[in-house]
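# Fold and contact review
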Amino acid sequence: MRGKRARLYLGFAGLVVALLGLFVLNVNSGSVSLSPGEIWTILLARGGDNGAIVWNIRLPRILATALLGGALALSGFLLQTFFANPIAGPFILGISSGAKLVLSLVMIGFLSRGVAVGSLGLIVAAFLGAMLSMGFVLLISARVKRMSLLIIGGVMIGYICSAVTDFVVAFADDANIVNLHNWSRGSFSGMIWENVGVMAGVVLLVLLLTFFLSKPISAYQLGETYAQNMGVNIKAFRAVLILLSSVLSATVTAFAGPISFVGVAVPHIMRSLFKTAKPIVMIPACFLGGGVFCLLSDLIARTAFAPTELSISAVTALFGAPVVILVMLKRQREQL
Amino acid sequence: MNPFYVHTQNMTVGYDGVPLIRDIEIGVRRGEILTLIGPNGSGKSTILKSIIRQLKLLAGTVALDGRSMAQLKEGDIARRMAIVMTERIKAELMTCYDLVATGRYPYTGRLGLLTQEDHRIVQEALLTVHAQDFADRPFTAISDGQRQRLLLARAIAQEPEVIVLDEPTSFLDIRHKLELLEILKDLVRTRNVAVILSLHELDLAQKISDRVVCVANNAVDRYDTPENVFQSDYIEALYGMKSGSYNALFGSMEMAPVGGTPHIFVIGGGGSGIPVYRQLQRRGIPFAAGILQENDLDYPVARALAAELVTVPPFAIIDGAALDRARKAMDRAGRVICCVSRFGPGNEGNRLLRDEAERRGLLTDSGALLGEAEP
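Reading guide: rules and limits
- Positions within a chain are numbered from 1, following the residues in the order the chain's sequence is written.
- Chain A is the first chain written and ligand 1 is the first ligand written, with later ones labelled in order.
- This being a predicted model, a pLDDT of at least 70 is required before a residue's local features are given, and a value of 80 or more before pairs of side-chain atoms are given or counted; all residues contribute to the totals for chains, interfaces and linings.
- Calculation of side-chain values draws on the structure's entire complement of heavy atoms; hydrogens and water are dropped beforehand.
- Whether two aromatic rings pair depends on their centres lying within 6.5 Å, for rings of Phe, Tyr and Trp, where Trp uses its six-membered ring; planes under 30 degrees apart make the pair stacked, over 60 edge-to-face, and the rest tilted.
- By the criteria applied, helices consist of DSSP H or I runs no shorter than four residues and strands consist of E runs no shorter than two, each listed in order from the N terminus.
- Throughout, exposure labels follow a simple rule: accessible area from a 1.4 Å probe, protein chains only, divided by the maximum for the residue type, with under 20% read as buried, over 50% as exposed, and the rest as partly exposed.
- The contact criterion used throughout is that any non-hydrogen atoms of two residues lie within 4.5 Å.
- By definition, the buried area sums, over both parts, the 1.4 Å-probe accessible area that each loses when the two are put together.
- The term salt bridge refers to a pairing of a side-chain nitrogen on Lys or Arg with a carboxyl oxygen on Asp or Glu at a separation within 4 Å.
- Polar contacts, as used here, are pairs of N or O atoms within 3.5 Å; protein pairs need one atom able to donate a hydrogen and one able to accept it. Residues neighboring in sequence count only if both atoms are side-chain atoms.
- Here the nonpolar group is Ala, Val, Leu, Ile, Met, Phe, Trp, Tyr, Cys and Pro; Asp, Glu, Lys and Arg are the charged ones; every other residue, Gly included, is treated as polar.
- Whether two strands pair comes down to DSSP finding at least two bridges between them.
- To obtain an axis, a line is fitted to C-alpha atoms, over the contacting stretch when the element is a helix, and the angle between two such axes runs from 0 to 180 degrees between their N-to-C directions.

### Notes on the packing of aromatic side chains
All names here are of chain A.
- The final tally for this structure, using the stated rule, is seven aromatic pairs over all chains.
- With centroids separated by 6.3 Å and ring planes inclined at 35°, the aromatic side chains of W55 and W193 adopt a geometry described as tilted. Here W55 is found in helix α3 (residues 51-83), whereas its partner W193 is found in helix α8 (residues 193-211), with 138 residues between them in sequence.
- Looking at W55, the relative accessible area reads 17%, which means it is buried.
- Taken together, a centroid distance of 4.9 Å and an interplanar angle of 80° make the contact between F82 and F83 edge-to-face.

### Quick look at the interface of chain A and chain B
- On the chain B side, the residues contacting the 28 residues of chain A number 33 residues.
- Of all residues in chain A, K215(A), Y226(A) and N229(A) bury the most surface against chain B, accounting for 29% of the area lost on that side.
- Counting across the chain A and chain B interface gives one salt bridge.
- Here K278(A) makes a salt bridge to D98(B), at a shortest N to O gap of 3.4 Å.
- Here chain A and chain B share 10 residue pairs in polar contact (both at pLDDT 80 or more) between them.
- Of all the elements in the fold, those that place two or more residues in the side of chain A that touches chain B are α9 (214-220) and α10 (224-229) of chain A.
- Here the residues of the side of chain A that touches chain B are counted per class, giving 12 nonpolar, nine polar and seven charged.

### Section: the sheet that holds strand β9 (residues 194-198) of chain B
Residue and element names in this part refer to chain B.
- Spatially, β7-β8-β9-β4-β10-β11 is the arrangement adopted by the six strands of the open sheet, whose pairing is mixed. Of all strands in the sheet, those with a lone pairing partner are β7 (81-84) and β11 (219-224), marking the two edges. Adjacent strand axes in the sheet meet at a mean angle of 15°, parallel and antiparallel pairs treated alike.
- Of the strand pairs in this sheet, strand β4 (residues 33-37) and strand β10 (residues 211-216) are connected by four bridges, and their pairing is parallel. Each residue of the ladder has a partner; that of T35, found in β10, is V212.
- Across the face of the sheet, helix α5 (residues 144-157) comes into contact with β7 and β8 (162-165) while running at roughly 170° to β7.

This is the structure:
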């Protein structure tokens, strides 16, 4: 018992320290390097020579990365719980791609008429797309019981959505394409404070709601029959779980495009770190862990080949995909 | 006032709106064990799943504690009814203790945190099923027998008035089957809970049930006391047994007898004949058996396996008529094994038979006879 508690405190302390450390590193690095002293002055005095860079570019990007990373990981955790499938995630199941498709349609449609779409509008569009993919995934899951088939179905839905998106982009105006192309590959660049405000509102609200669902989620982990016997209203609970995970992945896609593997990998890393699957621990842990994972990935994306910026998915896949393979191998071993 | 704690009224069950069994009327009182028996695929699980609301009822109601379950709140049902089902639980990274603690769900607050009292109840449940020694082990790392006990502990921690179990003894060895049922019986006695379960082991069902529901051919065929249900003819018909037989008194089954002209006459009595009957049956050798009083220990097995049987009524002295019949059977078989070594007034006839066989050179040593057939 005492060992468990110590692991809990150490784990969360480690995540917070990593988050703060990456925050400093991310503010510090870029085309203009800043010393920690300088950063301190800028943050406190809101001034200095490079104040604009920090306040208008780096800070919103860092906050957005942490928030959206947390949202992705949390969405992955919810989907893994919902489908009782350890390699489920918003990207793998095609939910991010569905969100991307509807978003592209909306953006091209509105931009070509010269109408700007607000942050909330983007989230709504992405949410509709996410629900569209989710609908197909649910149809598949009702018919197949094998975990691997569900994943294959999700991946196929993702490909279909991406293909349709490519068609749409091909017919769009030049100026839009550049913008869209960057975003459709996934990127945390170009965040402005207005975006950060909206996403913080949405993501933190969902985080809070999810945290208060940790009790029924823990029951659901034993399977539907037992959950129902414990007093969980299964239908309502499933609907809420779907809604929350879709809102999370839609929000991420609306602002940063589809980002791969964070949703699958982070919950696993957190499970092995904390040695538990209890939602009351996993929900905050995934949120913090997702932030750490994405801040680190974004740091690498920005600095590895500076001034060229890598797409964020290139980095997250590099770290995330091996985790998925390890998980599958571990499962296989356990089943033998 | 409804005497039953759980009572199905005109309950029709089935899958996807297609009725499988109609108008089921069964009930269980507190302090009673109700057992569902019947062939594979007869619908036992369907009935249980409908009672616990995993399947929607197609008609009728299930009353729990006198009120329709459809009108009860989820939490109210959870505090009254606990389940142990056959589906495998995926309890990733959970210790056995954690799993049992999930039984406290209906009693904990919004975040599901356990109080001192909850921990005490979990400990007690672990003790009840003798699982305290492996409480800290991962749930995925324990044996089938331990797992079933733990799932029962989980149900006990839920402090229910009724526990529903679907084939809880399948895959358990004989010791673990007994342990599990002992624990159930104890729960019924000490906590006055009601138990509804399905069993494949008829012998166990006969021993622990207060009432038995027989399910066959998509119908509840009987709902009665074990004394009335466990009759050889009825059980054979219920399961549609085409060969072999069922002995209701001992709750055991026997293989079909080997037909044909008997090659050997077996003199038995007092249980001495049974191992020889079985050996001959295994070898496929048709045999005659005698002379048995119909209350002899050997009688049920001889009746099930022998091609020809010479008996006298219970407690009767073996008379001349019986001896004549035995002599004829012995002549036809041509060889005799005598399993009996002690004779008294009750089986004096068998001693005469044995002496005669010996005189005529028909008596064969059972060890030698059965040994010679060995490859």
